[in-house]
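# Fold and geometry: a report
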Amino acid sequence: MTLGRFAPSPTGLLHLGNLRTALASWLSARASGGRWILRMEDVDGPRCHRDLGEAQVRDLAALGLESDEPVAWQSGRSAHYREALICLHEAERIYPCTCTRKDLRVLASAPHPEDGLRAYPGRCRARPWAGFEQALRLRLPEGTVAWGDRLLGTQEDDPALLTGDPLLFRRDGCFAYHLAVVVDDGAQAVTEVVRGADLRSVTATQIRLQEALGLPRPAYAHLGLVRAPNGSRLGKRAGALGLEALGARGITPETCLGWLGWSLGCLDRPEPCGAGELIPAFDWARVPRRDLPLPEAWI
Ligand code: GLU
């Protein structure tokens with residue numbers, strides 16, 4: 001049975017792009033008779049706020065998207081992340097990294113023959129284990145990773161070029177995004193990950209981490225983004241409108257659902273409707289791959 005999830009970070013209110021991803025993950029799970037859960041990714045301490053997470057849960061509920069299980073908050077799951085790191089240490093898959101921000105900046109600006117970009121080149125790979133006193137990175141095996149994306153088809157990436165050995169634990173005691181996502185998808189037995197196309201490039205790295213932890217691989221779908229009229233990405237923190245602000249302009253949750261459902265290929269026209277009415281029409285084959293602009297009248 002499908003278990004889908006939506007996993008926002010509570011760093012702002014959900015904008016239309018986030019709501020579209022949430023709806024697609026819910027519809028995909030429901031259309032196959034499956035379950036759907038909501039997870040709050042609040043590991044990144046200062047940027048995350050409980051009240052924003054609660055507002056996100058409320059906005060999703062206003063659209064009819066309610067978690068089948070109590071909402072999991074990652075900030076309460078540190079023991080699981082620590083346990084996963086110990087397993088990785090025992091399997092000799094992680095190493096401490098003492099690079100400072102400055103070191104990383106220098107490494108990133110050095111001309112790398114293959115790519116370089118922001119990928120960590122493994123400078124600390126030979127360092128001996130020093131417990132949880134230092135940052136920890138996953139030792140990536142060589143080679144590309146291929147996976148089937150429900151929307152984009154077969155994808156293939158070399159995580160060494162995209163992220164390099166990913167950071168799993170920060171020296172300040174915070175667990176990193178990759179670790180929390182992979183551990184929780186595994187612990188919650190998630191079978192389908194639907195998220196924005198901006199996260200497509202982390203998939204190969206996360207698959208490598210699943211492999212290192214012996215976790216099953218979920219199916220993936222990376223959705224096009226909703227963009228502002230000038231083409232820029234909507235940002236939760238860049239003042240993109242949430243459901244309440246849309247409501248203040250007379251745009252009801254049903255109107256919103258109609259537009260979102262239309263944008264996902266479930267309706268011929270954006271007409272007000274309830275989330276449940278969209279389920280029978282949902283089909284990944286009809287979901288457009290491209291990014292799409294916000295409706296002009298809602299700006
Ligand atoms: N928490 C991430 C975000 O809000 C999404 C993680 C995921 O879906 O894998 O961008």
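Quick notes on the rules
The written sequence of each chain sets the order in which its residues are numbered from 1. Per-residue local features are limited, in this predicted model, to residues with pLDDT of at least 70; the limit for side-chain atom pairs, both in listing and counting, is 80 or more; totals at the level of whole chains, interfaces and linings are taken over all residues. For side-chain calculations, the full set of non-hydrogen atoms in the structure is used, while hydrogens and water are omitted. Only a single heavy atom is needed: when it lies within 4 Å of a molecule or strand, its residue is near that molecule or strand. Polar contacts, as counted here, are pairs of nitrogen or oxygen atoms within 3.5 Å of one another; within protein the pair requires one atom able to donate a hydrogen and one able to accept it, and residues that are adjacent in sequence qualify only if both atoms are side-chain atoms. For the accessible areas, the method is Shrake-Rupley and the probe is 1.4 Å, while residue cover comes only from the protein chains on display. Residues were grouped as follows: Ala, Val, Leu, Ile, Met, Phe, Trp, Tyr, Cys and Pro as nonpolar; Asp, Glu, Lys and Arg as charged; and all remaining residues, including Gly, as polar. When a residue's accessible area, from a 1.4 Å probe over protein chains only, is under 20% of the maximum for its type it is buried; when over 50% it is exposed; and in between it is partly exposed. Helix and strand assignments follow DSSP, with helices taken as H or I runs no shorter than four residues and strands as E runs no shorter than two, numbered in order from the N terminus. Strands were regarded as paired on the criterion that DSSP finds at least two bridges between them. Orient the strands so they point away from the viewer, and a crossover whose first-strand-to-second-strand path over the helix runs clockwise is right-handed. Residues belong to a common nonpolar core when they are buried Ala, Val, Leu, Ile, Met, Phe, Trp, Tyr or Cys residues joined through side-chain atoms within 4.5 Å. We call two residues in contact when some of their heavy atoms are within 4.5 Å. Simply put, an axis is a line fit to the C-alpha atoms, just over the touching stretch for a helix, and the angle between two N-to-C directions goes from 0 to 180 degrees. Angles below 35 degrees are treated as roughly parallel, those above 145 as roughly antiparallel, those between 65 and 115 as roughly perpendicular, and all remaining angles as oblique. Think of it this way: a Phe, Tyr or Trp ring, Trp meaning its six-membered ring, pairs with another when their centres are within 6.5 Å, and the plane angle makes it stacked under 30 degrees, edge-to-face over 60, tilted otherwise. Counting as a charge over the ring demands two things of the Lys NZ or Arg CZ atom: a distance within 6 Å of the ring centre and an angle within 35 degrees of the ring normal.

### With respect to the site of the ligand
For the ligand, the set of nearby residues contains nine residues, the closest of which are Arg5, Ala7, Ser9, Glu41 and Arg195. Note that an oxygen atom of the ligand is positioned 2.6 Å from one of the side-chain N or O atoms of Arg5. Interatomic distance of 2.8 Å between a backbone N/O atom of Ala7 and a nitrogen atom of the ligand. Here the ligand loses 82% of its free accessible area of 300 Å² to cover by the protein chains. Tallied by class, the residues present in the shell around the ligand amount to four nonpolar, one polar and four charged.

### Focus on the pairing of strand β2 (residues 35–40)
Across the six residues that make up β2, a large majority, five, are buried. Pairing geometry for strand β1 (residues 3–6) and β2, over four bridges, is parallel. The partner of Leu3 across the bridge, within β2, is Arg35. Read from β1 through helix α1 (residues 16–31) to β2, the crossover connection turns out right-handed. Pairing between β2 and strand β3 (residues 72–73): two bridges, direction parallel. Bridged to Met40 within β3 is Trp73. Following the backbone out of β2, through helix α2 (residues 50–62) and into the adjacent parallel β3, one traces a crossover that is right-handed.

### Brief notes about the nonpolar core
Counting residues in each nonpolar core, the largest one holds 42 residues, and the members touching the most others are Leu16, Leu23, Leu65 and Trp284. Secondary structure elements with two or more residues in this core: α1, β2, β10 (219–223), α8 (243–248), α9 (253–263) and α10 (275–278). The greatest single-element share of this core, amounting to eight residues, is contributed by α1. Apart from residues lying up to four places away in sequence, Leu65 is in contact with Ala22, Leu23, Trp26, Trp36, Leu60 and Ala275. Counting residues in each nonpolar core, the second largest holds 19 residues, with Tyr81, Leu88, Leu138 and Val182 among its members.

### Quick word on the packing of helix α3 (residues 78–90) against helix α6 (residues 177–187)
Contact pair α3 / α6: the axes reach a minimum separation of 10 Å and the direction vectors enclose 95 degrees. The angle between α3 and α6 falls in the class roughly perpendicular. Contact with α3, carried on its side by His80, Tyr81, Ala84, Leu85 and Leu88, involves Leu179, Ala180, Val183 and Asp184 of α6 and no other residues of that element.

### Observations concerning the sheet that holds strand β4 (residues 94–97)
Strand order across the open sheet formed by three strands is β4-β5-β8, with antiparallel pairing between neighbours. The sheet terminates laterally at β4 and β8 (167–169), the two strands that pair on one side only. Within the sheet, the average angular offset between the axes of one strand and its neighbour, ignoring direction, is 45 degrees. Note that β4 and strand β5 (residues 135–138) share four bridges and pair antiparallel. Directly across from Cys97, in β5, lies its bridge partner Ala135.

### Brief notes about the environment of Arg127
Within the secondary structure, Arg127 sits in the loop between α4 (101–109) and β5. Classification of Arg127 by relative accessible area gives partly exposed; the value is 39%. The spacing of Arg127 and Thr205 is 78 residues in sequence and 21 Å in space, taken between C-alpha atoms. The residues contacting Arg127, other than those within four sequence positions of it, are Tyr95, Pro96 and Thr98.

### As for the packing of aromatic side chains
Tallied over the entire structure, the rule returns seven aromatic pairs. Relative to Phe169, the ring of Phe132 lies with its centre 5.4 Å away and its plane at 85 degrees, an arrangement referred to as edge-to-face. Here Phe132, found in the loop between α4 and β5, pairs with Phe169, found in strand β8; they are 37 residues apart in sequence, far enough to count as distant. Phe132 sits in the buried class, given a relative accessible area of 18%. Between Trp259 and Trp298, the aromatic rings sit 5.7 Å apart at their centres with planes inclined by 55 degrees, giving tilted as the arrangement. Remark: Trp298 occurs in the segment after β12 (292–293) and Trp259 occurs in helix α9; sequence separation between them is 39 residues. Both residues of the pair, Trp259 and Trp298, belong to the buried class. One aromatic cluster is present, built from ring pairs that chain together Tyr81, Trp129, Phe132, Phe169 and Phe175. If you follow Arg82 out to its NZ or CZ, it ends over the ring of Phe132, 4.0 Å from the centre.

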